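Okay, here's what each chain looks like letter by letter:
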Amino acid sequence: MEFVAATYIGNFGDKDLIFEVYDEVNRHFSEEGLPLRLLYVGRLDVGPGYVINLQTEKGSMRLYPLEAIIEALHSKLLQEMENKGSIRMNKIFALVSFPLVSRNPYFDFFERFFGIQEAIGGLRMMVLSVKPFESELERSENRRTILKKRLVKGVLHEIGHGFGLGHCRNDCVMNPPERMGEWDRRFMGYCDACFRDLKRALEFPGLKMGERD
Ligand SMILES: [Zn+2]
Ligand SMILES: [Zn+2]
């Protein structure tokens, strides 16, 4: 069994949603017979010293730059690997409550829907902002259920990248949408081809499939 450390950063009004999303992802892996699980390792605090003020069309926003988040995730992962000792785990995943920004001027201000990954010395840090998934959400009683499904698919997408999967064109979580409505209709899971690649990556961890976003 391979584990991916799972955490969250920022202030979530509805924390239960995070745990429900992580549980749902694990249920999916279990039902599909994938030897992979998210392992919740607690909330991650990123020091206030890192906060930057960013001027946007909507006024000033206080945000953590991506570099600070990656650094905090990296040290959290090292710490968890040491604590947990014998288990197979070299990746960490975080849901964040705010949009992702970077001090790097070449970075898109609001990455469209998906997350950011970075590898340092064989360890992989994955970050997904919930912000883009909150767009085009109608004020209905299904709001929470819709958001949850979007996030579960988003986590599956990032985890797929984490194990070397690229984007695909099928009805599959590895096919990124142009709009959120499209994402709502997307199949909740990997297509056969992506599933096989993910399974192979889990069976043969040394195998490289190329790095993509
Ligand atoms: Zn696919
Ligand atoms: Zn992607």
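Conventions we followed
Residues numbered from 1 in each chain as written. Chains lettered and ligands numbered in written order. Predicted model: local features only at pLDDT ≥ 70, side-chain atom pairs only at ≥ 80, totals over all residues. Heavy atoms only, no water. pLDDT = per-residue confidence, 0-100. Helix = DSSP H or I, 4+ residues; strand = E, 2+ residues; numbered from the N terminus. Contact = heavy atoms within 4.5 Å. Donors = N, O, S within 2.8 Å, 3.2 Å for Na, K, Ca; no water. Buried < 20%, exposed > 50% of the residue type's maximum accessible area, 1.4 Å probe, protein only. Tetrahedral: all angles 85-135°; square planar, octahedral: opposite > 155°, others 65-115°. Salt bridge = Lys/Arg side-chain N within 4 Å of Asp/Glu carboxyl O. Polar contact = N/O pair within 3.5 Å; in protein donor to acceptor, adjacent residues only side chain to side chain. Core = buried A, V, L, I, M, F, W, Y, C linked by side-chain atoms within 4.5 Å. Axes fitted to C-alpha atoms, helices over the stretch in contact; angles between N-to-C directions. Parallel < 35°, antiparallel > 145°, perpendicular 65-115°, else oblique. Left-handed = near helix turned anticlockwise from the far one by under 90°.

Draft legend 1. How the structure looks around the confidence of the model for the protein. Residues at a pLDDT of 70 or more form 89% of the protein, whose mean pLDDT is 87. Across the protein, element-level confidence peaks in strand β2 (residues 36-40) with a mean pLDDT of 98 and bottoms out in strand β3 (residues 52-56) with 73. Taken together, the stretch residues 107-112 has pLDDT below 50 and engages in 14 contacts with residues farther than four places along the chain or on a different chain.

Draft legend 2. Geometry of the coordination of the zinc ion (ligand 2). Within the protein, H157 (NE2), H161 (NE2) and H167 (NE2) serve as the donor atoms for the zinc ion (ligand 2), at 2.1 Å. Written as a sequence motif, the donor arrangement for the zinc ion (ligand 2) is H-x3-H-x5-H. Taken together, the residues span a long stretch of sequence, with H157 in helix α3 (residues 143-162) and H167 in the loop between α3 and α4 (180-185) at a distance of 10 residues. Taking relative accessible area as the criterion, H167 reaches 35% and is therefore assigned partly exposed.

Draft legend 3. Molecular detail of the coordination of the zinc ion (ligand 1). Taken together, C168 (SG), C172 (SG), C191 (SG) and C194 (SG) make up the full set of protein donors to the zinc ion (ligand 1), lying 2.3 Å away. Around the zinc ion (ligand 1) sit four donor atoms, and with donor-metal-donor angles ranging over 102 to 116° the site reads as tetrahedral. Here the donor residues for the zinc ion (ligand 1) map to a single chain with the spacing C-x3-C-x18-C-x2-C. On the criterion of sequence distance, the pair formed by C168 in the loop between α3 and α4 and C194 in helix α5 (residues 192-203) is long-range, its members being 26 residues apart. The exposure class of C168 is buried, given its relative accessible area of 13%. Classification of C194 by relative accessible area gives buried; the value is 6%.

Draft legend 4. How the structure looks around unusual backbone geometry. Backbone geometry places E136, a non-glycine residue, at a positive phi of 50°. What makes E136 partly exposed here is its relative accessible area of 41%.

Draft legend 5. Highlighting the pattern of salt bridges. Inspection of the entire model under this criterion finds 14 salt bridges. Of the charged contacts in the structure, one is a salt bridge between E2 and R88, with a shortest N-O distance of 2.8 Å. Of the two residues, E2 sits in strand β1 (residues 2-9) while R88 sits in strand β5 (residues 88-96), which places them 86 residues apart along the sequence. Residue E2 is classed as buried on the basis of its relative accessible area of 4%.

Draft legend 6. Molecular detail of the side chain of N175. Counting through the fold element by element, N175 comes out in the loop between α3 and α4. Within polar-contact distance, the side chain of N175 engages the backbone oxygen of R169 at 3.4 Å. Setting aside anything within four residues of it in sequence, one finds N175 in contact with C168, R169, N170, W183 and R186.

Draft legend 7. Representation of the nonpolar core within the structure. Ranked by size, the top nonpolar core spans 40 residues in total, and within it F93, L95, I159 and Y190 carry the most contacts. Apart from the residues within four sequence positions on either side, F93 is in contact with V4, A5, A6, T7, Y22, M126, L128, V155, E158 and I159. L63, L66, I69 and M125 belong to the second-largest nonpolar core, a separate cluster that totals 25 residues.

Draft legend 8. Molecular detail of the packing of helix α1 (residues 15-31) against α3. In contact at an axis separation of 9 Å, α1 and α3 are set at 55° when each is read in the N-to-C sense. It follows that α1 is oblique to α3 by the angle criterion. Considering only the axes of α1 and α3, their crossing is right-handed. Contacts between α1 and α3 involve D16, L17, E20, V21, E24, V25, H28 and F29 on the former and, on the latter, R144, L147, K148, L151, V152, V155, L156 and I159.

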